[in-house]
Every structure is written in C-alpha cells, then in structure tokens.
Amino acid sequence: MRVHVADHPLITHKLTVLRDKRTTSPVFRQLTEELITLLAYEATRGVRVEEIEIDTPVTRTTGLKISEPRPLVVPILRAGLGMLEGMTTLLPTAEVGFLGMARNEETFEPYTYAERLPDDLSDRQCFVLDPMLATGGSLGAAIDFLFARGAQDVTAVCILAAPEGVAAIEKQVGDRDVTLVLGAMDERLNEKGYIVPGLGDAGDRLYGTV
Ligand code: URA
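What you are looking at is a predicted structure, and each value in this text was computed from that prediction instead of being measured.

Quick notes on the overall build of the protein
- A count of helical and extended segments in the protein gives six helices and 13 strands.
- At 18 Å, the protein has a C-alpha radius of gyration in line with the 17 Å of a compact globule built from 210 residues.
- Seen through its principal axes, the protein has C-alpha atoms that stretch 60 × 35 × 25 Å.
- Sorting the 210 residues of the protein into buried and exposed places 35% on the buried side.
- Sequence-distant contacts in the protein: of pairs separated by 6 or more residues, those separated by 24 or more amount to 69%.

Okay, structure coming up:
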C-alpha cells in the first residue's frame, strides 16, 4: 500500500481553516471542495492514459487521453458527498457510484446500507472519497467491496487520517493495489473515535447538523 501525505502550503492553509471550530458550514463546504481539487491532483497521478493522435492548427502530434474504461469515483455517504464536486472538477469524465457504509452498533462491524455501482468493475480504477480515516472500518469495507466487484486498483482520498486507521487499512489490504492520499496525518484517535486534533464530525460540519 502506498501512502501519500500532501505537502503543500495551500492544502495546510485550507485545512487549518477547516479545523477551526468557528468556520461555518457554507465556508466549510467551499473549502472542502477547493481542498479536494488539490488532493485530486495528487490522487490522479497514476490515472491510466493512452496515446492519441491529434491535429493542432500547426501539425499532427501525439498526446494522451484518459483510458477506457473511465475511472470510477465513489463517495462514501454521507460525508464523502461533500468531496465529490472537488474531485469531478478535475475528473469530469469519471463515472460516479455511491456507497453508504454504517456500523452495526452491537457488533461494531461495518455494513453496506446503500449501493449504486456498476456490477462489474473489472479493469476499473476506483477513487474512494471518505473525509476522515479514523478506525478504518468503513473505508476498509468499501475497499473490499470494490475489489470483490473486480476493481483493478483503489485510491482513497481522505482529508485527515489517524495513524491507527492507516495501520488498519494497511493490514487489511495486504498486497492489493491501494493508495491512500491524505491531506494530513494527525496524532491519534481519542476514546470516542474522533481524530485528534482533527476537525470534529465532518458530516455535521459539512451539513450544519448540531
Ligand atoms: N469521523 C469524523 O467525522 N470525525 C472524526 O474525527 C472521526 C470520524
């Protein structure tokens, strides 16, 4: 598994405003979109391309275009939805699928409560959007789900991660082709499962739930 922690002052600046508890939902949503566009640039470095011949006004030349089948972007509901616009700004031709993951409050096992994805993901490059990689339960289940459908490789884009979550995903994915692209690696999880210092509940901050 590859882990890429973004290292850019614009990303850190936007993250700092997201972390600030005084930041309102409209600003939080706007900044998330901008931040994800920057992370999407990092996350798509490995996007598959193929050569294409084109004519410029001056001459014939060879360029590159994104290969078929198109990449698939999968926000994990609910908070991953807030990352979709930023990702599709850079990958407008991607197909979008949806996964709703929740945790069984008795067994603590993640389960899928909603799914809108192509049946066959053979050869597909998948980009999963999940803002907070905390314990890794829902992201790990989403990654398993996509590989079980035949995905070729999975890149997860997260605004923040805790080291515990990254370690859990690393253990779970084994030698499958997985890349994590993170806005920052935070210190730890607290006893309530929140990332520290973190930014609180990403879904609540995006959608103004109190
Ligand atoms: N999910 C969140 O929204 N925030 C955290 O800190 C951890 C999980």
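Let's talk about the UniProt feature "binding site: uracil" (unreviewed entry) in the protein
- The UniProt record marks Ile195, Gly200, Asp201 and Ala202 with the feature "binding site: uracil" (unreviewed entry), using the residue numbering of this structure.
- Of note, aspartate 201 is situated in the loop between strand S13 (195-196) and helix H6 (202-207).
- Classification of aspartate 201 as partly exposed rests on a count of 14 C-beta atoms within 10 Å.
- The residue alanine 202 is located in helix H6 in this model.
- The class for alanine 202 is buried, based on 25 C-beta atoms found within 10 Å.
- When residues no more than four places from it in sequence are discounted, the contact partners of alanine 202 are Ala79, Pro131 and Met132.

Remarks on the packing of helix H1 (residues 9-19) against helix H2 (residues 25-43)
- Close contact between H1 and H2 brings their axes to 10 Å; oriented N to C, the two are set at 155°. As summarised for this structure, H1 and H2 are arranged roughly antiparallel, according to the angle between their axes. For the pair H1 and H2, the crossing hand works out as left-handed. From H1, Leu10, Ile11, Lys14, Leu15, Val17 and Leu18 reach across to H2, where they touch Phe28, Leu31, Thr32, Glu34, Leu35 and Leu38.
- Residue composition of the contact of H1 with H2, by class: nine nonpolar, one polar and two charged.

Overview of unusual backbone geometry
- Cis geometry is adopted by the peptide bond preceding proline 69, which originates at glutamate 68 and carries an omega value of -5°.
- Within the secondary structure layout, proline 69 lies in the loop between strand S3 (60-66) and strand S4 (72-77).
- Even without glycine at this site, aspartate 123 takes up a positive phi of about 70°.
- Accessibility expressed as a C-beta count within 10 Å gives 13 for aspartate 123, which makes it partly exposed.

Parameters at a glance
Residues numbered from 1 in each chain as written. Predicted model: local features only at pLDDT ≥ 70, side-chain atom pairs only at ≥ 80, totals over all residues. Helix = DSSP H or I, 4+ residues; strand = E, 2+ residues; numbered from the N terminus. Rg over C-alpha atoms; globule rule 2.2 N^0.38 Å. Buried ≥ 20, exposed ≤ 12 C-beta atoms within 10 Å, placed from the backbone. Contact = placed C-beta atoms within 7 Å. UniProt positions renumbered as here; feature names shortened; annotations may be inferred. Axes fitted to C-alpha atoms, helices over the stretch in contact; angles between N-to-C directions. Parallel < 35°, antiparallel > 145°, perpendicular 65-115°, else oblique. Left-handed = near helix turned anticlockwise from the far one by under 90°. Nonpolar A, V, L, I, M, F, W, Y, C, P; charged D, E, K, R; others polar.

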